[in-house]
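# What the coordinates show
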Amino acid sequence: MKSLIRSLIVIFALSFILLFIVHQLNSSRGYTSGNTLTVYNWGDYIDADLITKFEEETGIKVIYETFDSNEAMMTKIQQGGTSYDIAIPSEYMIDKMKEEDLLIPIDHAKVPNLKNIDSRFMDLSFDPDNKYSIPYFWGTVGIVYNPAMLNGKEITSWNDLWDKDLKNEIMLIDGAREIMGMSLNSLHYSLNDKDHEHLKEAKEKLDTLTPNVKAIVGDEIRMLIENGEASIGVLWSGMAAEIMWENEEVEYVVPEEGSNLWFDNMVIPKTAKNIDGAHQFINFMLDAENAAQNTEYVGYSTPNKAAMEFLPEDITGDERFYPDEEMTSKLEVYENLGHRSLAEYNDLFLEFKMHRK
Amino acid sequence: MKKLSKWSVLYLGIVFVILYAPIFYLIFYSFNSGGTMHDFDSFTFDWYKELFQDTRLLIIVLNTVIIALLSAAISTIIGVLGSISISMMRKKGIRNSILSLNNVLIVSPDVIIGASFLIFFTIIGIKLGFFSVLLSHIAFSIPIVVIMVLPKLEEMSPTLVDAALDLGASWKDVLTKVIIPYISPGIFAGFFMALTYSLDDFAVTFFVTGNGFTTLSVEIYSLARRGISLNINALSTLLFLFTLLLVIGYYFITQRVNKASQAGVRK
């Protein structure tokens, strides 16, 4: 009994010492002061130096929290409990959050740096007039491939994937919209198509891709391609950029038929307490120099036109990640399909996945 | 003990290689200057340095350890008292139903527990953060402690308690001098199980974190989209060593407890 009690006392004492250390660390960073801003972002999706810079400029302390999926983030915001002042969801989620009345309109007068955003990326279907959201990073869906493993073969279009030589070579990201969209695009339909016949046609076309498909995977696709487990992958440009940093042999291409244009956007959730600070933060991130610094750190494509001047030529000149006007005109943003069509997309994609074996 | 045959040694060896290879693989690359989990460049301590310079990550690690220690200790206390009262119940029917309720909590999916905690806390107005995480960790650890402790109680002969009472021991003495010393291996096992459960729980914790308070598992999951850098390898290496120390400590504690009980001394 004595030894049990002794262990208990040791454990409690240890926890309180640790608690004290954490408290010291927290207060040394100023978290205990009243003027704070809670930012909810994807993991490792901001240059930490920028947070420090923002804190120094404004005197507001930033509490930075991370999430791993749009859905999880929305659940947390819906329930309240934490007063998130800024969140950074993807575009399709903004539509849903608007429907659920979870967002506060952004006062454009308080974010003068909005003028820095490229007009191509403003006023898009998921948020007309950018009433609720400001683009943070953007990208495309495309194909990464390893020319060395394909004997120098070049891939330029979705239809190249149906080549009989590519047996068991392709990895697909596990997303109904992405993969159904790929098939629709390859048939020159819109990736927001709701026509039942078109969707059926797209699914049948996908079925014929089956012999070439090696796997349908999630985030691990990145490592598999980096390590040369497969020579071709269909995925997002942000992920492609990371693969290309690690493995220089790999190429990325936005198929000529067109593809998806995706966005992560800054929004102010209903839970926000420091609305003024949130506007300051958005304006700070839209500043050309700051946006450039963040872009260099994160490596995704920035929608900030003014920031381009501060970025090295080999980033901004890279047409794979900063496609020209002509290419972007072919890119489409996902629209809210509504429950019925979305269910149809999901069902058809599921049937395709089951068809594989 | 009979000597193991060659085949069983080989079999055991293979099992252990499979169990430990991924961990050693991860540890090995935490020293890679190349920055990836393939192509070992050269030996470096950079990731460890980077780890200790990252105050935010350090706070998260400490949070995780604090929550694990506190929740395991508190749930052990509650769980031990609970299992003693369960074992003392006379009516079999009630006893079994309480036990099944306990088991339901163990098998029910973490996401559901997490989501219900989130809704519960927001409804009764508890701010998400340290206490919400602590409370939910205590809650999901209690059933684990109960199933670790209950077998020990059942193994104990009821005549022990009767004899103590006959010899004039009060109920308090019976509890502190007979029952608890007898079941203390189970208590330690329960504590360490609760500790590991708390350390690696993601699903429940995700829902109840907030206001700047996060644990390691939540943080690592959220890195999935951008890829995990090698300082997470370094961190995992340190945590692995930490748990190794815990296990060694656990071994020595149980050794001492066993020796004491064999000698018939109850301290």
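Coordinates for the structure precede this section.
Every chain is numbered on its own, with residues counted from 1 as its sequence reads. Written order decides the labels, with chains lettered from A and ligands numbered from 1. Totals for whole chains, interfaces and linings use all residues, but because this is a predicted model, local features are given only for residues with pLDDT of at least 70 and pairs of side-chain atoms are given and counted only at 80 or more. By convention in this description, side-chain values take in all heavy atoms of the structure and omit both hydrogens and water.

## Considerations on the overall build of chain A
We count a stretch as a helix when DSSP gives it H or I for four or more residues in a row; a strand needs E for two or more, and each element gets its number in order from the N terminus. Scanning chain A from terminus to terminus reveals 13 helices and nine strands. Values of the radius of gyration come from C-alpha atoms, whereas the globule rule sets the reference at 2.2 Å times the count of residues to the power 0.38. For chain A, whose C-alpha radius of gyration is 23 Å, the value lies close to the compact-globule estimate of 21 Å for 357 residues. In terms of overall dimensions, chain A has C-alpha extents of about 70 × 65 × 45 Å along its principal axes. A simple rule labels every residue: compare its accessible area, found with a 1.4 Å probe on the protein chains alone, to the largest value its type can have, and call it buried under 20%, exposed over 50%, or partly exposed in between. Counting over 357 residues, chain A shows a buried share of 57%. The criterion used for residue contact is that any of the two residues' heavy atoms lie within 4.5 Å. Taking the contacts inside chain A whose residues are at least 6 apart along the sequence as the reference set, 75% of them involve residues at least 24 apart. The method behind every accessible area is Shrake-Rupley, applied with a 1.4 Å probe, and residues are considered shielded solely by the protein chains displayed. Taken as a whole, chain A presents about 15,200 Å² of accessible surface, with 51% of it coming from carbon and sulfur. Residues scored as charged are limited to Lys and Arg (positive) and Asp and Glu (negative), so that His and the chain ends carry no count. Taken as the charge centre is NZ of Lys, CZ of Arg, CG of Asp or CD of Glu, depending on the residue. When the 31 positive and 62 negative side-chain charges of chain A are each reduced to one mean point, those points stand 7 Å apart.

## Re the interface of chain B and chain A
At the junction of the two partners, chain B supplies 48 residues and chain A supplies 48 residues. Between chain B and chain A lies a buried interface of about 4,200 Å² when both sides are counted; carbon and sulfur atoms form 65% of it. Every case where a carboxyl oxygen of Asp or Glu lies within 4 Å of a side-chain nitrogen of Lys or Arg is listed as a salt bridge. Remark: the boundary between chain B and chain A carries zero salt bridges. Taken together, the elements giving at least two residues each to the side of chain B that touches chain A come down to α3 (55-88), α5 (110-124), α8 (171-200), α9 (203-208) and α10 (216-222) of chain B. Broken down by element, the side of chain B that touches chain A gets its largest block of residues, 12 residues, from α3 of chain B. Following the grouping adopted for this structure description, the nonpolar residues are Ala, Val, Leu, Ile, Met, Phe, Trp, Tyr, Cys and Pro, the charged ones are Asp, Glu, Lys and Arg, and the polar ones are all others, Gly among them. Taken together, the residues that form the side of chain B that touches chain A break down as 26 nonpolar, 15 polar and seven charged. Once two parts are brought into contact, the accessible area they lose, counted with a 1.4 Å probe and summed over both, makes up the buried area.

## Some details on the nonpolar core
Throughout this description, the term nonpolar core refers to a set of buried Ala, Val, Leu, Ile, Met, Phe, Trp, Tyr and Cys residues connected via side-chain atoms within 4.5 Å. Membership of the largest hydrophobic core comes to 168 residues, with the highest contact counts inside it found for L161 and M182 of chain A. Broken down by element, the residue count for this core peaks at 13 residues, all from α3 of chain B. Ignoring any residue separated from it by four or fewer positions in sequence, one finds L161 of chain A in contact with I143, L166, I170, M182, L209, N212, I232 and V234 of chain A.

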